[in-house]
Amino acid sequence: MITRRNFLKNTALGIAGAAVPLTALEIVDPKKLFAQVEAETTSVRWVFLVDTYKCVGCGLCVKACKLENEVPYDANVTRTWVERYVRTKKGNMYADTPKGARDGFMTAKIDQNAEGLKDISSEGIEKAFFVPKLCNQCENPPCVQVCPVGATYQAADGVVLVDRTWCIGCGYCIMGCPYGVRFFHPVYHTAEKCNFCYHRINKGLKTACVQACPFGARQVGNIKDPNDPVTQVIRTQRVGVLKSEFGTKPQVYYIGLDEEVR
Amino acid sequence: MKNHVLRPLFVVIGIIVLILLARMVLVPKDFGAHERGYMYGWHRRGNEEDWKKFKVKYQGAEYCKDCHADKYDSIKKTPHTIIQCENCHGPASDVTSDHYSDQRPKLTIDKSRAQCLRCHFPLPYPSSGRSKIKGIDPDKHNPDIECSTCHNPHNPMEGLR
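Residues numbered from 1 in each chain as written. Chains lettered and ligands numbered in written order. Predicted model: local features only at pLDDT ≥ 70, side-chain atom pairs only at ≥ 80, totals over all residues.

Bringing the overall build of chain A into the picture now. What chain A contains, in helices and strands, is nine helices and 12 strands. Over its C-alpha trace chain A gives a radius of gyration of 25 Å, far above what one expects of a compact globule, namely 18 Å for 262 residues. Counting every position in chain A, which comprises 262 residues, the buried fraction comes to 39%. Looking at chain A alone, contacts between residues at least 24 apart form 61% of all its contacts between residues at least 6 apart. (Helix = DSSP H or I, 4+ residues; strand = E, 2+ residues; numbered from the N terminus. Rg over C-alpha atoms; globule rule 2.2 N^0.38 Å. Buried ≥ 20, exposed ≤ 12 C-beta atoms within 10 Å, placed from the backbone. Contact = placed C-beta atoms within 7 Å.)

Laid out in structure tokens, this is it:
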């Protein structure tokens, strides 16, 4: 028997149920997703090429990057940095990157953190060189896999970006990156990383670090374009990548990489 | 079945419906798996455009060329031609439209010794280009004055000032 109470209750329930459209219940449709992936492949894949023989450790790239990308200048965080490696004739390896080499290297002493500055005479050096570092824009980015909210992602052209409005600041990606390129932005308190100057490369400009480098040690290019000079070098010369054993397929290629470089 | 047994079920269903409705309102329409698939491409599409709109600050030497042709041409004849104007003069986009007026705010030029020593502090590192650049000992070579007092950075090979 229909009572007034039941009638009102069922009506309210019915209206509430009808108010939920089917789209709200749809979570993920794998078939639809795969179709989208196949339909939207692009002809651009940004890669980077570093020639460590040419790098002199001036740090003008780091300075330009910080000013271009509004990374607080005096905070000890940076999207790109330059490392110095010095191997002595005794077989010891020393490496440092004071302030990320924002001001270059103005001493022969190697910063060994708690152990102080290590003075190495020029006669004692067996080999020594500089290695610029930046985000590898991996083909399999572990930082993206660990993001619980979809705030960091890979764009179609291979660049890994961070959505500052969506990042919750959990820091998983910072721990997940094997190359240590991520950090918290001191102002926005969200994950921050090199994005190959996404605003510049999409306007046909070089990245700020590439433009600032006086020695041509840094180059950015499109590996899907066979006529791109960077692609030519990567295809025809001997180049290496960092930590290939992680399977991340990094897309920053190095000329003159040494096994000591990690 | 008794009503009091089903009641918690209705509450749970109600909560789920509320969460789904909230999700529909809060998640932007352009959120989804795009070109790189669900594992790498799950994101808000509009963010790509946000990053593309980021302000360009470093303009390159060609930007300065038209008005400062004398400086542009003179440095082109010297080994310092490889250095961008903005590496010492600062990013050009910080120049407002006032740059062309009489009281223009000038760019902050980095004339510090540290700026020159980035390259000219001698580090004899084999297999690095650094060992091929001439350097000075900053503690012995006129330690108290700016390099540009004697050397013209736009033409370092000419006679001392």
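A count of helical and extended segments in chain B gives seven helices and two strands. Starting at the N terminus, the α and β elements of chain B follow one another as α-β-α-β-α-α-α-α-α. For chain B, the C-alpha radius of gyration of 30 Å lies well beyond 15 Å, the compact-globule estimate for 161 residues. On the principal axes, the C-alpha backbone points of chain B span a range of 100 × 45 × 35 Å. Sequence separation of at least 24 residues holds for 41% of the intrachain contacts in chain B that already meet a minimum separation of 6.

Moving on: the interface of chain B and chain A. Taken together, the contact pairs 46 residues of chain B with 56 residues of chain A. Among the elements of the structure, helix H1 (3-26), helix H2 (37-41), strand E2 (42-44), helix H3 (46-52) and helix H7 (113-120) of chain B are those that each provide at least two residues to the side of chain B that touches chain A. Considered class by class, the residues forming the side of chain B that touches chain A number 25 nonpolar, 11 polar and 10 charged. (Nonpolar A, V, L, I, M, F, W, Y, C, P; charged D, E, K, R; others polar.)

Low pLDDT marks stretches whose predicted atomic positions should not be read closely. The predicted model of chain B has a mean per-residue pLDDT of 88, with 91% of residues at 70 or higher. This prediction of the complex comes with two scores: 0.86 for pTM and 0.86 for ipTM. (pLDDT = per-residue confidence, 0-100.)

Sheet strands line up and pair through hydrogen bonds in the backbone, either parallel or antiparallel. Residue and element names in this part refer to chain A. The sheet built from three strands is open, its strands ordered E3-E2-E6 with antiparallel pairing. In this open sheet, the two strands that pair with only one neighbour each are strand E3 (93-96) and strand E6 (125-133). Neighbour to neighbour, the strand axes of the sheet diverge by 15 degrees on average, direction disregarded. Here four bridges tie strand E2 (residues 81-88) to E3, and the two strands are oriented antiparallel to one another. The partner of Arg 84 across the bridge, within E3, is Asp 96. (Pairing = 2+ DSSP bridges. Axes fitted to C-alpha atoms, helices over the stretch in contact; angles between N-to-C directions.)

Our next topic: the environment of Cys 147 of chain A. All names here are of chain A. Here Cys 147 shows up in the loop between helix H5 (142-145) and strand E7 (152-154). It is 8.7 Å that separates the C-alpha atoms of Cys 147 and Cys 167, two residues lying 20 residues apart in sequence. Ignoring sequence-local partners within four residues, the contact set of Cys 147 consists of Thr 152, Tyr 172 and Cys 173.

Right, let's get into the domain arrangement of chain B. Per the domain assignment, the segments making up chain B are domain 1 (3-52) and domain 2 (61-149). If you average the C-alpha positions of domain 1 of chain B and of domain 2 of chain B, the two centres end up 52 Å apart. (Domains from an automatic or database assignment.)

Attention now goes to the sheet that holds strand E11 (residues 218-222) of chain A. Residue and element names in this part refer to chain A. With respect to topology, three strands assemble into an open sheet ordered E11-E1-E12, the strand pairing being mixed. Among the strands making up the open sheet, the edge pair consists of E11 and strand E12 (252-255). With direction set aside, neighbouring strand axes in the sheet form an average angle of 25 degrees. Both strand E1 (residues 46-51) and E11 contribute to a ladder of five bridges, which runs antiparallel. Bridge pairing in E11 links Leu 49 to Gln 219.

Right, let's get into the nonpolar core. In globular proteins that are soluble, nonpolar side chains generally tend to be buried together. Judged by nonpolar contacts, the single largest core of 69 residues is most densely connected at Phe 48, Cys 61, Ala 64, Phe 196, Cys 209 and Ala 212 of chain A. Residue assignment places this core across two domains, with domain 1 (3-52) and domain 2 (61-149) of chain B each supplying three or more. The contact partners of Ala 212 of chain A, leaving out residues within four places of it in the chain, are Leu 60, Cys 61 and Ala 64 of chain A together with Tyr 58, Gln 84 and Asn 87 of chain B. (Core = buried A, V, L, I, M, F, W, Y, C linked by C-beta atoms within 7 Å.)

Here we come to H1 of chain B. An α-helical segment advances 3.6 residues per turn. Residues three or four places apart therefore align on the same side. The end-to-end C-alpha separation of H1 of chain B is 34 Å, in line with the 34 Å expected for 24 residues at 1.5 Å each. With zero of 24 residues buried, H1 of chain B lies mostly on the surface of the structure. (Expected span 1.5 Å × (residues − 1).)

Residues and elements named next belong to chain A. The backbone phi angle of Asn 113 is positive, close to 55 degrees, even though this residue is not glycine. Using a count of 7 C-beta atoms within 10 Å as the deciding quantity, one classes Asn 113 as exposed. The phi torsion at His 189 lies on the positive side, around 55 degrees, for a residue other than glycine. Mapped onto the elements of the fold, His 189 is located in the loop between strand E9 (183-184) and strand E10 (191-192).

Another aspect to go through is the environment of Ile 201 of chain A. Residue and element names in this part refer to chain A. Checked against the element boundaries, Ile 201 lands in helix H7 (residues 198-201). Exposure remark for Ile 201: the 21 C-beta atoms within 10 Å place this residue in the buried category. The spacing of Ile 201 and Val 220 is 19 residues in sequence and 8.7 Å in space, taken between C-alpha atoms. The contact partners of Ile 201, leaving out residues within four places of it in the chain, are Trp 46, Phe 196, Thr 207 and Val 220.

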